[in-house]
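Each chain, written out:
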2 protein chains.
Amino acid sequence: MSSLRDVAERAQVAVSTVSAALNGTRPVAAATKRRIEQAAAELGYRPNLLARGLQSKRTRILALLFPTPAGGFGHTEMLFATGAAEAAKELGYHLLLSPESADPVDELRHLTGLGLVDGVLLMEVRLDDERTEFLSAAGVPFAMIGRTREPDAIDHADIDFAATARDAVAHVAGLGHRELAFFNLSPGRYAESYGPAARMAGEFATAAREAGLGYADGFRPGSAEEGRQAFERLMAERPGVTALAVADDHAAAGVLAGVAARGWRVPEDLTLVLVLSSARAAAMFHPSLTTLEPPSAELGRLGARMLIDRLQGDGPPRQRLVPCRLVPGGSSGPPRAGS
Amino acid sequence: MSSLRDVAERAQVAVSTVSAALNGTRPVAAATKRRIEQAAAELGYRPNLLARGLQSKRTRILALLFPTPAGGFGHTEMLFATGAAEAAKELGYHLLLSPESADPVDELRHLTGLGLVDGVLLMEVRLDDERTEFLSAAGVPFAMIGRTREPDAIDHADIDFAATARDAVAHVAGLGHRELAFFNLSPGRYAESYGPAARMAGEFATAAREAGLGYADGFRPGSAEEGRQAFERLMAERPGVTALAVADDHAAAGVLAGVAARGWRVPEDLTLVLVLSSARAAAMFHPSLTTLEPPSAELGRLGARMLIDRLQGDGPPRQRLVPCRLVPGGSSGPPRAGS
DNA sequence: CTGAAAGCGCTAACAC
DNA sequence: GTGTTAGCGCTTTCAG
């Protein structure tokens, strides 16, 4: 690999001039600059990021910290990562994938001590997240995909749960439904303090109330079997429910089984909406499910951009909430007769 | 951040001694060593990876090159990445997530020219892959998850398609089936030269022949609708088929719809096996599908380990083939009567 | 507008 | 066993 010095020799100038010409750090005569650029091109010169980083204290590398939930990784998490990596790349940054171990804070201490990364992108943020405290205290720039309980001071991109719930409620209300139920993510898969689960439930209740719809929640099935059972219980307790929003793919499959077991059909007898899941998953069902798809790739992208933005200059916290996208499927219809 | 010099001062020794003590590069008196380690601990010293890399030409960073297929990323690809990242971490390496653009070779030229990465991990390798040629020519260490047409000289970890096909065939043959069909990945989603699609079809044919089973293939549905149509066509052409292996999730959903439309049921009237898909996806079906789940995380892990192994020392090509894991589901049963 | 020189934090000869 | 020293390739004063 050729170095700055090689370029300098070939262009008959000093290294500092080459550096300046290539980085635009200071004015360079047009003729000199052209000579330098040509020499660089001829040699196929690439700046050595290590040397540059060592000197400038900026590596243009971001770390994406990802936990390894027992339940395995979802499509959503994948999209955070790819979205963030793409946005980083577009802005001339690199993304380091950093798996979290048992002690995330220690992990972070280690990672940030290496001088390798300029900033950190946090995902799977919990309502109370020790990682944010550490990073703030350590003065390491970071941004969150998701948010803590009190996120006002921190850069973040998250789902707009309120708008999402309103959209979902408006969707079913527009079809004529008067009573809606919501099956949240199971408490087993995620701790109670998992933001999306906590927020989605609250926002659904609010949106239903504001729309004047009957509303039932408190169900948290985490598997197909639990989904079927929850559905049966729901129908026993609230026979008037004609629309159901479900947050877990597997639970939704169970609900469909329960619907079939009753001799019912979707969407004739029940409108079923999948929330916080991918349209890809929804397309595997029959009929395909109406979905509120989280803007995962965009959140990843936004997170990376915010972080880079923050690294380049200071300013007030950057924050963005993006609603899920409503993807209509074959599972939405008017309420069943006789309800 | 404290540096080697700080530690040296505090321990009253020379920097080189600290370096030696901490890296074990040369013998250091036990007492001195302890003093140094204590000083380092007290200062919370972390070696600066950039400085180390600049000097030693080894950054302990690997790049995982991942393409961004239009169809979006699957669970499988995600597991490659997380598996690789975890293995890398265990061995003291970092993983850079590097999205591929339109021109992968140019991308690679850029990435490897930066001096940032010690080696490259390739995924979604095609039978003829220009990236491998570039990397070989450039002398950049690399390993593949997947493999080219002629992979003998290159480190790689891939699915053992032959064993996987044999397992699948043995599974259905053991249940008493005499005639099997295979729906491959759609040609639209992947180019013809996509390894798994190409290899799986061949191995299924071989395994069926060796087991003395009737065999039908040539179907490549890429959506639920195409899956249903393919199933109907299959039944028209080969009414004796009682077991079906499908490589695409959505196509499998379509097959189930086709089965229902005939008034049939799974597994009573058709044994359905999902291949190369996740057990997670299979659990969303009713009944849950028997799956041949690719060992994606393990392949990622193996790939990273091979690459690191290669970086540490030379030797013959490292190569590992791992069969898919058969996860029995509710979609397997004896062949229907009258066939 | 350009060049010379210092030094980022570390490793690796090479002396002692 | 330990210390001294010369860079790795770059950015960044500081002179000219």
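Reading the values: the criteria
- Residues numbered from 1 in each chain as written.
- Chains lettered and ligands numbered in written order.
- Predicted model: local features only at pLDDT ≥ 70, side-chain atom pairs only at ≥ 80, totals over all residues.
- Heavy atoms only, no water.
- UniProt positions renumbered as here; feature names shortened; annotations may be inferred.
- Helix = DSSP H or I, 4+ residues; strand = E, 2+ residues; numbered from the N terminus.
- Pairing = 2+ DSSP bridges.
- Axes fitted to C-alpha atoms, helices over the stretch in contact; angles between N-to-C directions.
- Near = heavy atom within 4 Å.
- Polar contact = N/O pair within 3.5 Å; in protein donor to acceptor, adjacent residues only side chain to side chain.
- Nonpolar A, V, L, I, M, F, W, Y, C, P; charged D, E, K, R; others polar.
- Contact = heavy atoms within 4.5 Å.
- Buried area = accessible area lost by both parts, 1.4 Å probe.
- Salt bridge = Lys/Arg side-chain N within 4 Å of Asp/Glu carboxyl O.

Observations regarding the UniProt feature "domain: HTH lacI-type" (unreviewed entry) in chain A
Okay, step 1: Feature annotation in UniProt places "domain: HTH lacI-type" (unreviewed entry) on residues 2-56 of chain A, given in this structure's numbering.
Okay, step 2: The distance from the first to the last C-alpha atom of residues 2-56 of chain A is 20 Å, and the span holds 71% helix and 0% strand.

Thoughts on the sheet that holds strand S12 (residues 325-327) of chain A
Residue and element names in this part refer to chain A.
Okay, step 1: Taken together, six strands build an open sheet; the order of strands is S7-S6-S8-S9-S10-S12 and the sheet is mixed. Looking at which strands have only one partner, the edges of the open sheet turn out to be strand S7 (214-219) and S12. Between one strand axis and the next, the sheet turns by 20° as a mean value, whatever way the strands run.
Okay, step 2: Pairing of strand S9 (residues 271-275) with strand S10 (residues 290-293) involves three bridges; the strand directions are parallel. Among the inter-strand pairings, Val 273 is bridged to a residue of S10, identified as Thr 290.

Some remarks on the protein's contact with DNA strand C
Okay, step 1: Contacts to DNA strand C come from 26 residues, most closely from Arg26(A), Thr32(A), Gln55(A), Leu4(B) and Tyr45(B).
Okay, step 2: By atom count, sugar and phosphate contribute 60% of the portion of DNA strand C lying within 4 Å of the protein.
Okay, step 3: One of the side-chain nitrogen or oxygen atoms of Thr32(A) is found 2.4 Å away from a phosphate oxygen of DNA strand C.
Okay, step 4: Between Gln55(A) and DNA strand C, the recorded distance is 2.6 Å, taken from a side-chain N or O atom to a base nitrogen.
Okay, step 5: Secondary-structure elements contributing two or more residues to the surface near DNA strand C are helix H2 (15-23) and helix H4 (49-56) of chain A together with helix H2 (15-23) and helix H4 (49-56) of chain B.
Okay, step 6: Grouping the amino acids of the surface near DNA strand C by side-chain chemistry returns ten nonpolar, eleven polar and five charged.

A short note on the protein's contact with DNA strand D
Okay, step 1: If you check the shell around DNA strand D, you find 27 residues, and the closest are Leu4(A), Tyr45(A), Arg26(B), Thr32(B) and Gln55(B).
Okay, step 2: Sugar and phosphate atoms form 58% of the subset of DNA strand D atoms that lie within 4 Å of the protein.
Okay, step 3: Take Leu4(A): an N or O atom from its main chain is 2.4 Å from a phosphate oxygen of DNA strand D.
Okay, step 4: At a separation of 2.9 Å, a base oxygen of DNA strand D approaches a polar side-chain atom of Gln55(A).
Okay, step 5: Elements that contribute at least two residues to the surface near DNA strand D include exactly H2 and H4 of chain A together with H2 and H4 of chain B.
Okay, step 6: Of the residues that constitute the surface near DNA strand D, the class distribution is ten nonpolar, twelve polar and five charged.

Examining the interface of chain B and chain A
Okay, step 1: Contacts between the two partners involve 52 residues from chain B and, on the opposite side, 52 residues from chain A.
Okay, step 2: In total, chain B and chain A occlude about 4,500 Å² of area from one another, counting both sides; carbon and sulfur atoms represent 68% of this.
Okay, step 3: Counting every contact that joins chain B to chain A gives two salt bridges.
Okay, step 4: One can count twelve residue pairs in polar contact (both at pLDDT 80 or more) joining chain B with chain A.

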